[in-house]
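Architecture at a glance
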Amino acid sequence: MDPIIVIGTGLAGFNLVKELRKLDQDTPVIMLTADDGRNYSKPMLSTGFTKEKGADELAMGGPEQTASTFNATLRTGVTVTAIDRDAKQVVLGDERLTYSKLVLACGADVFRPPMEGDGMDAVYTVNDLMDYARFREAAAGKKTVLVVGGGLIGCEFANDLTNGGYKVHVVEPVGRCLPTFLPEPASVAVSSALGKLGVVFHFGPFAQRVDRHGDGVRVTLSDHSTVDVDIVLSAVGLRPRIGLAKDAGLDTGRGVKVDRFLRSSDPDIYALGDCAEVNGHVLLYVLPLMSAARALAKTLAGEDTAVSYGVMPVTIKTPACPVVCVPPPQDVAGDWEFEVDGHHVKALFRDTDGQLRGYALTGDACGEKMKLNKELPALF
Ligand SMILES: Cc1cc2nc3c(=O)[nH]c(=O)nc-3n(C[C@H](O)[C@H](O)[C@H](O)COP(=O)(O)OP(=O)(O)OC[C@H]3O[C@@H](n4cnc5c(N)ncnc54)[C@H](O)[C@@H]3O)c2cc1C
């Protein structure tokens, strides 16, 4: 029997195979990854300075361990270059592997903002454990970091690096932090709490140039101001990896389009995790991929199962000002109402019928999460 082939050993690929093995121990499974295949929890990458954990300490197991636990073949350092749907094969350069079912769990790519200058080799991104190892090595012994982007990953790293003893600058072109997650009073609560820790925010301009300057770099912003730091961490956003699927003629939107059975426009190819657009939703978080992994495992084991997303709160790991939020759907009209007490903010978004459709909680208000989750309608 041809194996199930899974492209990706991140949380999506790993949890899918884990769930599948609870139901089916025998169907051959091949997992392929371009990275070193170590098992790690990606959200932990923005907590490592606080916990004083380098890449090796964050790794929970090697590829051999995953392979033997899951009775799977796991191949590391291999890049799938194409999918031949007619032959039901994946192409790895000169090699081809035949699949019975193919699962895309290939994640998202970091978006690199257009910056120039002779100091670009001091600009790092962290989107996997290997990136993290490189960044930790570069940051060792350094004192100041400029973070490009004040979104989820930028703010989490700003808090974590500050806890690790670094002086941190954050550049965010939108006039406040976490703009895609939070309404203004909640953004202000987070940036002022981080500011009290010593984080310096540059709201408004974008980072334009990075040039060598002494032992570090000089970053020039679009308002012509400059910031001198040792290294730069770019955390501007992620884009689902859809290249393989698109080249193979599968339907793609922002992600690889799949239905509630995680099935793409080819019935033998599935997708989940950061690369997938599930029933119209692209959610680059762990909770949705766990629900998807459980449902898809059942389907692959022979019991067709649709995923339900329920309510998907996002927890932002800024311990200086904890945040949990459910951003309201973009196409829903309504209004925010606020209760603000210092950096404790309770923001509720109600639609024109008065139904709760989203919320943002900071500080002590985070305790209301469970109660509000019960009031929210499921995504689908
Ligand atoms: C710093 C940081 C903090 C985060 N914090 C949180 C959080 O607190 N809560 C939360 O819910 N989410 C958080 N996230 C998001 C969450 O980590 C991701 O949604 C999740 O890890 C995505 O898993 P994935 O398996 O879909 O993708 P990935 O982990 O990116 O895995 C992709 C896999 O595909 C492989 N691959 C890709 N292309 C190919 C190819 N062509 N050939 C072979 N292999 C290929 C890669 O090598 C890799 O193994 C955070 C993300 C980051 C970066």
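Everything that follows concerns the structure shown earlier in this document.
Once a new chain begins, its residue numbering starts again from 1 and follows that chain's sequence as written. Per-residue local features are limited, in this predicted model, to residues with pLDDT of at least 70; the limit for side-chain atom pairs, both in listing and counting, is 80 or more; totals at the level of whole chains, interfaces and linings are taken over all residues. Values reported for side chains reflect all heavy atoms of the structure, with hydrogen atoms and water molecules removed beforehand.

So, about the packing of aromatic side chains. Aromatic rings from Phe, Tyr and Trp, taking only the six-membered ring of Trp, are treated as a pair when their centres fall within 6.5 Å; an angle between ring planes under 30 degrees marks them as stacked, one over 60 as edge-to-face, and anything in between as tilted. As enumerated under the stated definition, the model contains eleven aromatic pairs in all. For the pair Phe181 and Tyr285, a centre-to-centre distance of 6.4 Å together with 65° between the ring planes defines the contact as edge-to-face. With a gap of 104 residues between them, Phe181 in the loop between β11 (167–172) and α6 (184–197) and Tyr285 in the loop between β20 (276–278) and α8 (286–300) connect regions that are remote in the sequence. The rule is simple: take the accessible area with a 1.4 Å probe, protein chains only, and divide by the maximum for that residue type; under 20% is buried, over 50% is exposed, in between is partly exposed. Here Tyr285 falls in the partly exposed class, since its relative accessible area comes to 27%. Centroid distance Trp336 to Phe349: 5.3 Å. Interplanar angle 70°. Geometry classified as edge-to-face. Of the two residues, Trp336 sits in strand β23 (residues 334–341) while Phe349 sits in strand β24 (residues 344–351), which places them 13 residues apart along the sequence. The partly exposed category is assigned to Trp336, whose relative accessible area is 26%. Among the aromatic residues, those joined into a cluster by ring pairs are Phe49, Tyr124, Tyr132, Phe135, Phe157 and Tyr166. The residue whose ring lies beneath Arg136 is Phe49, and the NZ or CZ to ring-centre distance is 4.2 Å. Elements are defined by DSSP. Helices are runs of H or I of four residues or more, strands are runs of E of two residues or more, and each kind is numbered from the N terminus. Our definition puts a charge over a ring when NZ of Lys or CZ of Arg is within 6 Å of the ring centre and also within 35 degrees of the ring normal.

Considering the arrangement of structural elements, one finds Lys346 in strand β24. Here a polar contact means two N or O atoms within 3.5 Å. Within protein one must be a hydrogen donor candidate and the other an acceptor candidate, and residues neighboring in sequence count only if both atoms are side-chain atoms. Within the local environment of Lys346, its side chain forms a polar contact with the side chain of Glu368, the two groups lying 3.2 Å apart. Setting aside chain neighbours within four positions, we find Lys346 in contact with Glu337, Phe338, Glu339, Ala360, Leu361, Ala365 and Glu368. Whether two residues touch is decided by their heavy atoms; if any such pair falls within 4.5 Å, the residues are in contact.

A word on the pairing of strand β22 (residues 323–326). Of the two faces of β22, the one carrying Val323 and Cys325 and the one carrying Val324 and Val326 are both buried. Relative to β22, strand β21 (residues 314–316) runs antiparallel, the two being bridged by three bridges. Within β22, the residue paired with Val314 across the bridge is Cys325. Should DSSP find at least two bridges between two strands, the strands are taken to pair. What sits between β21 and β22 in their antiparallel hairpin is a turn of six residues.

Within this scheme a cavity is a closed region of a 1 Å grid, computed over the protein atoms alone, that accommodates a 1.4 Å probe without allowing it to escape, whereas a pocket is open but has protein on both sides within 12 Å along at least five of seven lines; lining residues each have an atom within 4 Å of a point. Grid points are joined across faces, edges and corners, and a volume is the space filled by probe spheres set on the points. The tally for this structure, following the rule as stated, stands at one cavity of 30 Å³ or more. Taken as a whole, the largest cavity encloses approximately 80 Å³ of empty space. In this structure, the largest cavity is lined by Val110, Phe111, Thr125, Val126, Ile153, Phe157, Leu233, Ser234, Ala235, Val236, Gly237 and Leu238. For the lining of the largest cavity, the secondary structure elements donating two or more residues are α5 (152–163) and β16 (231–234).

Given the number of residues in a helix, its expected span is that number minus one, multiplied by 1.5 Å. With twelve residues, α5 extends 17 Å from end C-alpha to end C-alpha; this agrees with the ideal 16 Å at 1.5 Å per step. In terms of burial, α5 is a largely internal element, ten of the twelve residues being buried. Those residues of α5 that fall on the buried side of the exposure criterion are Leu152, Gly154, Cys155, Glu156, Phe157, Ala158, Asn159, Asp160, Leu161 and Thr162. Those residues of α5 that are buried lie in contact with α4 (129–139), β10 (144–148), β11, α6, β16 and β21.

Paired through backbone hydrogen bonds, the strands of a sheet run either parallel or antiparallel to each other. Judged by pairing direction, the sheet is antiparallel, and its three strands sit side by side in the order β13-β14-β15 without closing on themselves. Unpaired on one side and paired on the other, β13 (207–213) and β15 (226–229) mark the two borders of the sheet. Across the sheet, the mean angle separating the axes of adjacent strands is 25° when strand polarity is ignored. Both β13 and strand β14 (residues 216–221) contribute to a ladder of six bridges, which runs antiparallel. Note on β14: the bridge partner recorded for Arg212 is Val217. Note on method: axes are straight lines fitted to C-alpha atoms, helices fitted across the in-contact stretch only, with angles between N-to-C directions ranging 0 to 180 degrees.

Treat this as a map of the structure, not an account of what it does.
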